[in-house]
Structure formats: C-alpha cells, structure tokens
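Geometric and topological summary
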Amino acid sequence: MDQEPLLSIGELSAASGLSAKALRLYDESGLLPPRRVDPFSGYRSYGADQVPRARRIAALRGVGMGLARIGVLLDLEPAAAAWELRSWWRQEQADSLSRAAAVGLLVRDLGELPEETAMTDMTDHPALIAASALHRGHVRPAQQDAVLHTELGPGTLLLAVADGFGAEDALSARILAALEAAVGDALAAGADPTAALEEAWAAAEVLVPPGDESGSTLTAALLTGGRLHVAHVGDGRALLVHGDRVDPVTQDHTQVRSLVAAGRLTAEEAEGHPQRAVLNRALAAGAPTAPDLLIRRIEPGDLVALLSDGVHAVLDPARLASLLTGVDAPEALAARIVEETLEAGAPDNLALALARVG
C-alpha cells in the first residue's frame, strides 16, 4: 500500500501562503498537528490534504477569531461551523457598539479639558528645511506615487505622499494638487491646522472614481507653531525622529495590522499572512475614507519623514532607522534613501518627503 505523500513545513508554507512561524504556532495550539515528526531531527511533515485546513485557519485568524474558538469551529460539520461563525460575528458587532459608546463619552470628556496655550501659539516660526523624492522603482510599469512639500506661509510647511492603485495613473498626483490648494484656502480663512487638513480632505475624496477599483493612500502633514498635524489613510507612514529615537505617528490601515495592534494576531502570523498588504481604509470607492487626525509636538533638530510603502516595506527597518537618525540634511538624506531602496530591489514605486526643524 502506497504511503501518503508528505510535505515538509517549507512545502506546506509555500502551498498555503503561510509562514513557517505561523504553521508552528498552529501546531503548538493543536490546530494543525503534523502527520509525522522525525524522532531524530524534529522535522515536521504534513499531508497534502492539510493545505486547505491551514488556509482556513489563516482566514479565520485574519478576521480576528481566537485560536480556541477556531478549534471549536473546525471540529464542527459545515452547517454548524457556519452558524458558529455567524454567532461569533454577532458578538463582535455588539462589542464594537459598546466600545463606540464608551469612546464617545471619552471624546466628550477630553474635549472639555482646557487646551494648552502652546497648542495655539503660532508666534514662533522655527526654520523648516524640506526635501522630497519620487522614483518609479525597478518593476512597476508606471509611476502611481506622488509627493509634495510646499511652504504655505511663514513657518508653515505642508508635506504629503500618496500611493495610487488601479487603472488611473495620475490619480495620486491630482489628489495632492487638490489637497494643497484646499489646505491653503482653509488656513487663509482662519482654520486651525488640523481643521484645515480635515476640511481639505473632502477635496481629495471627491476625486475618487465611483464604482472603480482606482484609489490612493494619502498621508499629509502640516508643520507649524511647534506642532506636527497629520491626516492619514492607507499604508503610507509618518515618522517623527527625535535624536536617536524614531517614533511612528501613523498606523498602517490594513486589517492584519489592526489585529496585531489589538493583540488578536501575532507578528509572526501577520508576517506571512496572505492578506497582510490588503488595505481596509483608503481613498477608494466603497472603502472608509475618513482620515486619522493626529497632533505631535516638534522641537528644533527633529525630523519628520513621510514614506510610501515602496520605501518602508523594502528597506530593512534597522537600516532605515539608521539613515533617519543620521545628520544628513533633508535633500542628501532623501537621495540616500532612494539609492538604498533601489539597491534593495525597489519592486514598487517610492515616494518620500522630509522636513528638519531648525
């Protein structure tokens, strides 16, 4: 009798699209035990029929279900498993409504706190030295990223990066042009910086093609009055560099990243998850388009960096941090980052905007 053909953990990883680390986690939790473990080497071997189960586990983890509940669901017949999934999701929706009510109360309480005088002090205008860079990369046939850095008045600087997708190559550039004009108009009309970004967002949203798969990420930053004001949607990143510390200001808007942040998915699972790069917020038809609005203090010597995923997903994180915490002026630093991203393969378009606080 022929023995069942077995797959190594590497072969199962390739067939299922999951990382070996994630597969080991599913083994340790009892969800996906190997068919055979070599008593001498400890190598795990799996049946080819376990590939669909591995993918199912990953899909359930990808919507945030815990390992224990997945174990229950996988042991049920199909109809019962479907009801189990529906029941879990109904509770998730109820939990979300409960959190929304609690967040509303917190927002109200925080809004009643007196604002710091420094938040509205616009009399100091530290020098702001900016640079930006844009490159098609080695693989993409078209340039769908866009970038800008522009002064909107004394001590006021607007930076932005956008990463377009779909059929409309010029969408991201048109979005940045509309944003720049609308932010300038809002500031001229007396809006505070965060409100100006929020008002201008509508000018970007109306450019999204309805019923089309074209869209864009957008990360914009206003530097003024000793504050960094950021509006963000998608997987571009805003980083604030203070001395030798690199602080992320934004979070990537992917479902997998949100689950990691909530402690519902491990970093190892996210690393090899088939949908790790799928956005759940962007300037796109049918997607949530409202931005995160964030404010941080900035001090002389600080560096603000906006990066498209063609940079931050390609450069080694430690190397990127080393570059950002160096002493290069923004223009030289931007050129260096582009050079090293190209050396790392540059499979995507890349865009970055930098500003040093004088």
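Placed above this text is the structure.
The paragraphs below set out a description of the structure included in this document. (Residues numbered from 1 in each chain as written. Predicted model: local features only at pLDDT ≥ 70, side-chain atom pairs only at ≥ 80, totals over all residues. Heavy atoms only, no water.)

A short note on helix 11 (residues 317-324)
For helix 11, the full list of buried residues reads Leu320, Leu323 and Leu324. The arc enclosing the buried residues of helix 11, seen along the axis, measures out at 95 degrees, which places them on a common side. Where helix 11 begins, one side-chain oxygen reaches toward the backbone nitrogen of Ala318, 3.1 Å away; that side chain belongs to Asp316. (Buried < 20%, exposed > 50% of the residue type's maximum accessible area, 1.4 Å probe, protein only. Helix = DSSP H or I, 4+ residues; strand = E, 2+ residues; numbered from the N terminus. Arc of directions from axis to C-beta. Polar contact = N/O pair within 3.5 Å; in protein donor to acceptor, adjacent residues only side chain to side chain.)

Section: the nonpolar core
If you look at the biggest cluster of nonpolar residues, it comprises 22 residues, and the most contacted ones within it are Ala160, Leu176, Leu179, Val183, Leu197, Leu218 and Leu283. Secondary-structure elements contributing two or more residues to this core are strand 5 (145-153), strand 6 (156-165), helix 6 (171-188), helix 7 (193-205), strand 7 (215-224) and strand 8 (227-233). If you tally residues by element for this core, the top one is helix 6, at six residues. Beyond its immediate stretch of four places on either side in the chain, Val183 contacts Leu152, Leu158, Ala196, Leu197, Ala200 and Leu222. By size, the runner-up hydrophobic cluster in this structure holds 21 residues, among which are Leu7, Leu32, Val51 and Ile70. (Core = buried A, V, L, I, M, F, W, Y, C linked by side-chain atoms within 4.5 Å. Contact = heavy atoms within 4.5 Å.)

Section: unusual backbone geometry
Keep in mind that most residues, glycine aside, have a negative phi and that most peptide bonds are trans. If you check the backbone angles, Ala346 has positive phi at about 40 degrees while not being a glycine. With respect to the element layout, Ala346 can be found in the loop between helix 12 (330-343) and strand 14 (350-357).

A closer look at the packing of aromatic side chains
Counted under the stated rule, the structure contains one aromatic pair. Taking NZ or CZ as reference, Arg86 lies 4.6 Å from the ring centre of Trp83, over its face. (Phe/Tyr/Trp six-rings, centres within 6.5 Å; stacked < 30°, edge-to-face > 60°. Lys NZ or Arg CZ within 6 Å of the ring centre and 35° of its normal.)

A few points about the sheet that holds strand 10 (residues 245-248)
Strand order in the open sheet formed by five strands is 4-14-13-9-10, with antiparallel pairing between adjacent strands. What marks the edges here is a single partner per strand, and that holds for strand 4 (128-135) and strand 10. Neighbour-to-neighbour, the strand axes of the sheet open up by a mean angle of 20 degrees, direction not taken into account. Bridge count between strand 9 (residues 237-242) and strand 13 (residues 303-307): five bridges; the pairing is antiparallel. Bridged to Ala238 within strand 13 is Leu306. Against the sheet, helix 11 touches strand 9, strand 10 and strand 13, its axis set at about 140 degrees to strand 13. Sitting on the sheet, helix 12 is in contact with strand 4, strand 13 and strand 14, with an inclination near 150 degrees to strand 14. (Pairing = 2+ DSSP bridges. Axes fitted to C-alpha atoms, helices over the stretch in contact; angles between N-to-C directions.)

Observations concerning the pattern of salt bridges
Here the structure, examined in full by the defined rule, presents 13 salt bridges. Two residues, Arg36 and Asp38, come together in a salt bridge whose shortest N-O distance is 4.0 Å. Salt-bridge contacts for Arg108 lead to Asp109; the nearest nitrogen and oxygen are separated by 3.4 Å. Judged by its relative accessible area of 37%, Asp109 is partly exposed. One continuous salt-bridge network, built from bridges that share partners, spans Arg319, Asp328, Arg336 and Glu340. (Salt bridge = Lys/Arg side-chain N within 4 Å of Asp/Glu carboxyl O.)

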